[in-house]
Amino acid sequence: MKALEVSGLKKSFGGVQAVDGLAFSVEEYETLGIIGPNGAGKTTLFNLITGLYRPDAGEVLFFGRRLDHVPAHRLAHLGITRTFQNLRLFNGLTVSQNLTAPILGMHGYGLSSAVFRRRRYFKQERSAEEKAHVLLEFFQLADKGSLGANNLSYGEQRKLELARALSTNPRLLLIDEPGAGMNPREIRDLLATLRQVKEHFRLTIVLIEHQMGLVMNLSDRVLVMDFGEKIAEGTPAEVRKDRKVIEAYLGDELKTC
Amino acid sequence: MSFFTSAKRFLLCSIIAYLILKGLFLSGFLTEYIQQIILFSFIAILTSLGLNVIYGYTGQFSLGHAGFYGIGAYTAAYLGAVFKVESIFSFLPILFLGGAAAGIVGYAVGVPILRLRDDFLAIATLGFGILVRVLLDNSDRAIEILGGSRGFIGIPKIVNLEIAFFTMVFLILVTRNLIFSRYGLFWQCIKDDELAATAFGINTARMKLMAFTYGCFLAGVGGALYAYLYSFLHPSNFDFLRSIDFLIIVIVGGMGSITGTIYAGLLWVTVIEGLRIGLPAQALEFRWVLIPIFLIMVMMWKPFGLLARRESKFLGLGKGE
Ligand SMILES: Nc1ncnc2c1ncn2[C@@H]1O[C@H](COP(=O)(O)OP(=O)(O)OP(=O)(O)O)[C@@H](O)[C@H]1O
Ligand SMILES: [Mg+2]
């Protein structure tokens, strides 16, 4: 079954054709890596899938369902979440609240339960906290739950961003450059974490990343973008050998992985 | 029941404060004028708390809060005159309706303007505040008893210590319960990052509207209390400068803190009224030199307000159990 199917997708900003007739699909439980030079349109693709931008043309199907007219805030409910290339945590909240907010967005309680503190309020609050705790343990952040999110180190904030994206039990996870701004040691750590995520949560993943080591290691298939178009697609081994890819993008970076 | 049992500490503090005040009021030690100021400080707290929900928690900058306060005051006064309200018992529904009127107008105004970005929102709410002032100034042309620029006179003085104090306590508790629920959490998410909030399933348009409507409701209740405390309304009590008063209380107290708003409301009313009483008549205008200096000093001492995004343990206004 196809988890995600994109066809003829286009988006321009003024004169810039950020995404230009893109088509691809992702099977359920597959991990698709997306690589491409800066400005290739990778983040724009995520923004189109998650409804932050409306496409100029083309369509996106999620398990066969069109997403065009689904409001952006419904997507997490349908089972699509993402991380952001530039961290976008809720910095005024605690680490734990960064997870309980999305969790309580999925399984809530009504206004009267909140105002009159009915039993349902306590029950749902407690179960959200427990669920957040389990996730924080998975990411080795359990002892930091009551800190402000902005008090975490950069690497920890990256982890929290990932934990938040998993908090709503998504079926499709879009990860935008999780390794951005990390040193080689942190990257190794991240690779291990992402491996665990893949093992532990049965998910379909689309992963944008510049770090070749990460993409080639984690992806079942890799899609290469340039100027908003797909220039190659295949298994990591195939993409490595593709002449167009080498010319457009990879160059000597390939030798390092 | 857990509405009360989950706030034991706050209720205990409230009852003690009430008993002390009641004793003072009965002792004859406080003049009528001072008593009125004390009750007004509760109104200022309640109304500012509404603005804190809108601005401090949800990040929607509003410069028109006094407009909603005025709508509550005039609605309550008008309904009271129409239905000949003179007893405490018949006043309570009027109090609620004053809040509801402000909430409904807030909702209607909020639908178009809450889409606007911060700076535009400030202009739009400022415009709304001015519009309300102009309408109140000319209100007698449509409805005689509203009084227009002469003011609304002859409102019975019904608000006493019990009504003002326990209305405030009750609504502080309701607000606390909202803030420490998923709704309050969503409001704070929106303030921090609206786009991320959307991506994580929060209907931001709806949540902003809810915060705005509720905040305006609190202002409306504050206005209704005001009307039946002073028994006279004038459009100038509800103009732009009054909106600034509420904004100062929110900022001095701390964005996103109920306790902060309570402390700052008491402090602000004490300073303003204390100077009015303390300064000799010829030097009264000197207040407007002292007040800004006072504000600058507070903001230098606590740049984020007394208690930004924190609640004091003393008052027991945290999440509770
Ligand atoms: N909101 C926007 N308004 C205007 N132009 C935009 C907008 N978003 C993206 N673009 C432009 O679209 C093009 C693609 O940008 P995008 O962010 O999708 O690239 P990317 O592949 O994610 O790059 P990077 O690897 O640097 O993150 C760029 O030229 C960018 O300037
Ligand atoms: Mg990008």
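Here the structure is a predicted model, which is why all the values come from computation and not from measurement.

Enquirer: What is the right way to look at the site of ligand 1 in this model?
Expert: All names here are of chain A. Among the 14 residues in the neighbourhood of ligand 1, the closest are listed as N38, K42, T43, T44 and Q85. At 2.8 Å, a side-chain N or O of K42 approaches an oxygen atom of ligand 1. Out of a free accessible area of 640 Å², ligand 1 has 65% covered by protein chains. Secondary structure elements with two or more residues in the shell around ligand 1: β2 (16-27) and α1 (42-49). With 3 residues, the top contributor of residues to the shell around ligand 1 is α1. Across the shell around ligand 1, the residue classes tally to 5 nonpolar, 7 polar and 2 charged.

Enquirer: I would appreciate a short explanation of the sheet that holds β2 of chain A in the present structure.
Expert: For sheets, the rule is that strands pair by backbone hydrogen bonds, running either parallel or antiparallel. Spatial strand order, β2-β1-β4-β5 (chain A): 4 strands in an open sheet with antiparallel pairing. Strand pairing shows two members of the sheet lacking a second neighbour, β2 and β5 (65-66) of chain A, which therefore form its edges.

Enquirer: Can you help me understand the sheet that holds strand β9 (residues 221-226) of chain A in this one?
Expert: Residue and element names in this part refer to chain A. With respect to topology, 6 strands assemble into an open sheet ordered β6-β7-β8-β3-β9-β10, the strand pairing being mixed. Looking at the sheet topology across the chains shown, the edges are occupied by β6 (80-82) and β10 (229-234). Strand after strand, the sheet turns through a mean of 20 degrees between neighbouring axes, direction not considered. Sheet contacts for α1: β3 (31-35), β6, β7 (172-176), β8 (204-208) and β9; angle to β7, the most-contacted strand, approximately 150 degrees. Lying over the sheet, helix α6 (residues 154-166) contacts β6 and β7, oriented at roughly 160 degrees with respect to β7.

Enquirer: Just to check I follow, could you spell out the coordination of the magnesium ion (ligand 2) for this structure?
Expert: Octahedral metal centres with six donors ideally show angles of 90 or 180 degrees, and tetrahedral centres with four donors ideally show 109.5 degrees. Residues and elements named next belong to chain A. Only T43 (OG1) and Q85 (OE1) from the protein coordinate the magnesium ion (ligand 2), and they sit 1.9 to 2.2 Å from it. One end of the pair, T43, is in helix α1; the other, Q85, is in the loop between β6 and α3 (95-106), and 42 residues separate them in sequence. Owing to a relative accessible area of 26%, T43 belongs among the partly exposed residues under this scheme.

Enquirer: Please explain the domain arrangement of chain A as it appears in this structure.
Expert: All names here are of chain A. You can read the domains of chain A as domain 1 (1-79 + 170-257) and domain 2 (93-169). Computed from C-alpha coordinates alone, the two centres of domain 1 and domain 2 are separated by 27 Å. On the side of domain 2, 14 residues touch domain 1, which itself brings 21 residues to the contact. For the pair domain 1 and domain 2, the summed buried surface comes to about 1400 Å²; carbon and sulfur atoms form 72% of the total. There are 1 salt bridge connecting domain 1 and domain 2. Between D189 and K159 there is a salt bridge, with the nearest N and O atoms lying 3.8 Å from each other. If you look at where domain 1 meets domain 2, you find 2 residue pairs in polar contact (both at pLDDT 80 or more). At the level of secondary structure, the elements contributing two or more residues to the side of domain 1 that touches domain 2 comprise α2 (75-78), β7 and α7 (184-200). It is α7 that provides the largest number of residues to the side of domain 1 that touches domain 2, a total of 7 residues. Looking at the side of domain 1 that touches domain 2, its residues break down into 11 nonpolar, 5 polar and 5 charged.

Enquirer: Before we go on, may I ask you to explain the nonpolar core in this structure?
Expert: Across soluble globular proteins, nonpolar side chains show a tendency to be buried alongside one another. Among the nonpolar cores identified, the biggest contains 156 residues, and F139 and L160 of chain A together with F91, L225, Y228 and L233 of chain B are the most heavily contacted of them. Among the elements that line this core, the one with the most residues is helix α10 (residues 204-230) of chain B, at 16 residues. Here this core gathers at least three residues from each of two domains, domain 1 (1-79 + 170-257) and domain 2 (93-169) of chain A. With near-sequence residues (within four places) excluded, L160 of chain A lies in contact with L89, V95, N98, L99, L136, L141, A149 and L152 of chain A. Core analysis: the second largest hydrophobic core is formed by 28 residues, A3, L32, I34 and F62 of chain A among them.

Enquirer: What exactly am I supposed to notice about the interface of chain A and chain B here?
Expert: Bring the parts together and some accessible area is lost; that lost area is often taken as the interface size. Taken together, the 36 residues of chain A in the interface contact 31 residues of chain B. Where chain A abuts chain B, roughly 2700 Å² becomes buried across the two surfaces, and 64% of that area is made up of carbon and sulfur atoms. Broken down residue by residue, the surface that chain A buries against chain B is led by H73, F90 and R117 of chain A, which jointly contribute 24%. Between the two partners, chain A and chain B, sit 3 salt bridges. Note that E129 of chain A and K319 of chain B form a salt bridge whose closest N and O atoms lie 3.2 Å from each other. Of all the secondary structure elements, the ones that give two or more residues to the side of chain A that touches chain B are α2, β6, α3, α4 (111-115), α5 (119-138) and α6 of chain A. If one sorts the elements of the side of chain A that touches chain B by residue count, α3 of chain A sits on top with 7 residues. Along the lines of polarity and charge, the residues of the side of chain A that touches chain B split into 19 nonpolar, 10 polar and 7 charged.

Enquirer: Please explain the side chain of D68 of chain A as it appears in this structure.
Expert: Residues and elements named next belong to chain A. Position of D68 among the secondary structure elements: in the loop between β5 and α2. At 2.3 Å, the side chain of D68 and the side chain of R66 are in polar contact. Ignoring sequence-local partners within four residues, the contact set of D68 consists of R54, G58, E59 and V60.

Enquirer: I would appreciate a short explanation of helix α13 (residues 287-301) of chain B in the present structure.
Expert: Two residues of an α-helix separated by three or four positions point the same way, owing to the 3.6 residues in each turn. All names here are of chain B. In this model, α13 (15 residues) spans 21 Å end to end at C-alpha, consistent with the 21 Å of a helix rising 1.5 Å per residue. All buried positions along α13 are accounted for by R287, I291, L295 and V298. The buried residues of α13 occupy one face: seen down the axis, they fall within an arc of 65 degrees. In this structure, α13 carries I296, M297 and M300 as exposed residues pointing more than 90 degrees from its buried face.

Basis of the calculations
Residues numbered from 1 in each chain as written. Chains lettered and ligands numbered in written order. Predicted model: local features only at pLDDT ≥ 70, side-chain atom pairs only at ≥ 80, totals over all residues. Heavy atoms only, no water. Near = heavy atom within 4 Å. Polar contact = N/O pair within 3.5 Å; in protein donor to acceptor, adjacent residues only side chain to side chain. Areas by Shrake-Rupley, 256 points an atom, 1.4 Å probe, with all protein chains shown as cover. Helix = DSSP H or I, 4+ residues; strand = E, 2+ residues; numbered from the N terminus. Nonpolar A, V, L, I, M, F, W, Y, C, P; charged D, E, K, R; others polar. Pairing = 2+ DSSP bridges. Axes fitted to C-alpha atoms, helices over the stretch in contact; angles between N-to-C directions. Contact = heavy atoms within 4.5 Å. Donors = N, O, S within 2.8 Å, 3.2 Å for Na, K, Ca; no water. Buried < 20%, exposed > 50% of the residue type's maximum accessible area, 1.4 Å probe, protein only. Domains from an automatic or database assignment. Buried area = accessible area lost by both parts, 1.4 Å probe. Salt bridge = Lys/Arg side-chain N within 4 Å of Asp/Glu carboxyl O. Core = buried A, V, L, I, M, F, W, Y, C linked by side-chain atoms within 4.5 Å. Expected span 1.5 Å × (residues − 1). Arc of directions from axis to C-beta.

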